[in-house]
Amino acid sequence: MNNRIIICEGYDGSGKSTLAEAIAKKTGAMLFHFTWTPALSGQAMTDYVNNVTVNLVAWLRNNPDFARIVLDRLPSISEKIYAPIMRPTQVADLSYSERLWMQFDPLLILCSRDNPVEYQDQNQDKAHPYPKRKFAKVVKGYAALGEEWENDMFREQRFVRYHLNNVPDVNAWVEGNL
């Protein structure tokens, strides 16, 4: 695997954190988890993500021998899908952050699962209490993103799908796909 940056993206409950942890463990990569909290919306989210990204990218440039980083979520992607649905008045502009990461030609892994809305409804954590109807829109947003990535010739060689329910052993998936 040549990618220095691996990005696991997908809606909540899609297996991205489990996959990111397995990849980091298998490859010795540094794992970085981006998450959203109510305190980080709009401009505060933009400032936080851009600051973290600038520092991580600078660190990567100054440490070219360091193998790789696994990102559990890329905020610029998640924000495009979640924010207009969940908090439309507080959308952050994370295009600068996305441009910095994309210069490393990352491997993009889009995670999904069977019956995500039902799963989320039954397993909601207190930090992310999503109404079913809104979460269904988030799932549709990620499905559209997957279609976009599959049809984008530029991203074709660095885009992989990971479907949680089709993978009995995440470590075997990592071994076979990376």
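All figures in this text were calculated on a predicted structure; none of them were measured in a lab. (Residues numbered from 1 in each chain as written. Predicted model: local features only at pLDDT ≥ 70, side-chain atom pairs only at ≥ 80, totals over all residues. Heavy atoms only, no water.)

S.K.: Break down the overall build of the chain for me, with residues and values.
M.R.: Across its full length, the chain carries 7 helices and 5 strands. Along the chain, helices and strands appear, N-terminal first, in the series β-α-β-α-β-α-α-β-α-α-β-α. Burial status across the chain gives 48% buried among its 178 residues. Excluding contacts between residues fewer than 6 apart, the proportion of contacts in the chain whose partners are at least 24 apart in sequence is 78%. As displayed, the chain has an accessible area near 9300 Å², and 50% of this comes from carbon and sulfur atoms. (Helix = DSSP H or I, 4+ residues; strand = E, 2+ residues; numbered from the N terminus. Buried < 20%, exposed > 50% of the residue type's maximum accessible area, 1.4 Å probe, protein only. Contact = heavy atoms within 4.5 Å. Areas by Shrake-Rupley, 256 points an atom, 1.4 Å probe, with all protein chains shown as cover.)

S.K.: Describe in detail the packing of helix α1 (residues 16-27) against helix α7 (residues 170-177), supporting the description with residues and values.
M.R.: Look at α1 against α7: their axes get within 9 Å of each other, and the N-to-C directions meet at 60°. By the criterion of interaxial angle, the relationship of α1 to α7 is oblique. As for the relative orientation of α1 and α7, their crossing is right-handed in sense. Contact residues: Thr18, Leu19, Ala22, Ile23 and Lys26 in α1; Val170, Asn171, Trp173, Val174 and Glu175 in α7. Residue composition of the contact of α1 with α7, grouped by class: 6 nonpolar, 2 polar and 2 charged. (Axes fitted to C-alpha atoms, helices over the stretch in contact; angles between N-to-C directions. Parallel < 35°, antiparallel > 145°, perpendicular 65-115°, else oblique. Left-handed = near helix turned anticlockwise from the far one by under 90°. Nonpolar A, V, L, I, M, F, W, Y, C, P; charged D, E, K, R; others polar.)

S.K.: So what about the side chain of serine 78? Which residues, and what values?
M.R.: Structurally, the position occupied by serine 78 is in helix α3 (residues 75-86). A polar contact of 2.8 Å, which involves the side chain of serine 78, links it to the side chain of glutamate 9. In contact with serine 78, other than residues within four places in its own chain, are Glu9, Arg73, Ala83 and Tyr142. (Polar contact = N/O pair within 3.5 Å; in protein donor to acceptor, adjacent residues only side chain to side chain.)

S.K.: How would you explain the sheet that holds strand β3 (residues 69-72) if you had to name every residue and give the values?
M.R.: A sheet is described by the order of its strands in space; here 5 strands give the open sequence β2-β3-β1-β4-β5, paired in parallel fashion. Looking along the sheet, the strands with just one partner apiece sit at the ends: β2 (30-33) and β5 (159-163). Strand after strand, the sheet turns through a mean of 20° between neighbouring axes, direction not considered. Taken together, the 5 bridges between strand β4 (residues 107-112) and β5 define a ladder with parallel strand orientation. Looking at the pairing, isoleucine 109 lines up with valine 160 of β5. (Pairing = 2+ DSSP bridges.)

S.K.: Residue-level account of the pattern of salt bridges, with values.
M.R.: For the structure shown, the criterion picks out 6 salt bridges. Arginine 73 is the partner of aspartate 12 in a salt bridge, and the nearest nitrogen-oxygen pair spans 2.5 Å. Here aspartate 12, found in the loop between β1 (5-9) and α1, pairs with arginine 73, found in the loop between β3 and α3; they are 61 residues apart in sequence, far enough to count as distant. Between glutamate 175 and lysine 26 there is a salt bridge, with its nearest N and O atoms 2.6 Å apart. One end of the pair, glutamate 175, is in helix α7; the other, lysine 26, is in helix α1, with 149 residues separating them in the sequence. What you see here is one network of salt bridges that share partners, running through Glu9, Asp12, Lys16 and Arg73. (Salt bridge = Lys/Arg side-chain N within 4 Å of Asp/Glu carboxyl O.)

S.K.: Let's hear about the side chain of arginine 113: which residues, and what values?
M.R.: With respect to the helices and strands, the residue arginine 113 is situated in the loop between β4 and α5 (116-122). One buried charged residue, arginine 113, remains without a salt bridge, the closest side chain of opposite sign being aspartate 114 at 7.5 Å. One polar contact links the side chain of arginine 113 to the main-chain carbonyl oxygen of glycine 13, over a distance of 2.8 Å. (Lys, Arg positive; Asp, Glu negative; His and termini not counted.)

S.K.: How would you explain the pairing of β4 if you had to name every residue and give the values?
M.R.: Summarising burial for β4: 5 of the 6 residues are buried, a large majority. As paired elements, β1 and β4 share 4 bridges and run parallel to each other. In the strand pairing of β4, isoleucine 6 is matched with leucine 107.

S.K.: Report on the environment of tyrosine 82, specifying residues and quantitative values.
M.R.: With respect to the helices and strands, tyrosine 82 occurs in helix α3. With a relative accessible area of 6%, tyrosine 82 lands in the buried category. A sequence separation of 60 residues divides tyrosine 82 from tyrosine 142, and the C-alpha atoms of the two residues are 9.5 Å apart. Apart from the residues lying within four places of it in its own chain, the contact partners of tyrosine 82 are Tyr11, Asp12, Arg73, Arg87, Tyr130, Phe135, Val138 and Tyr142.

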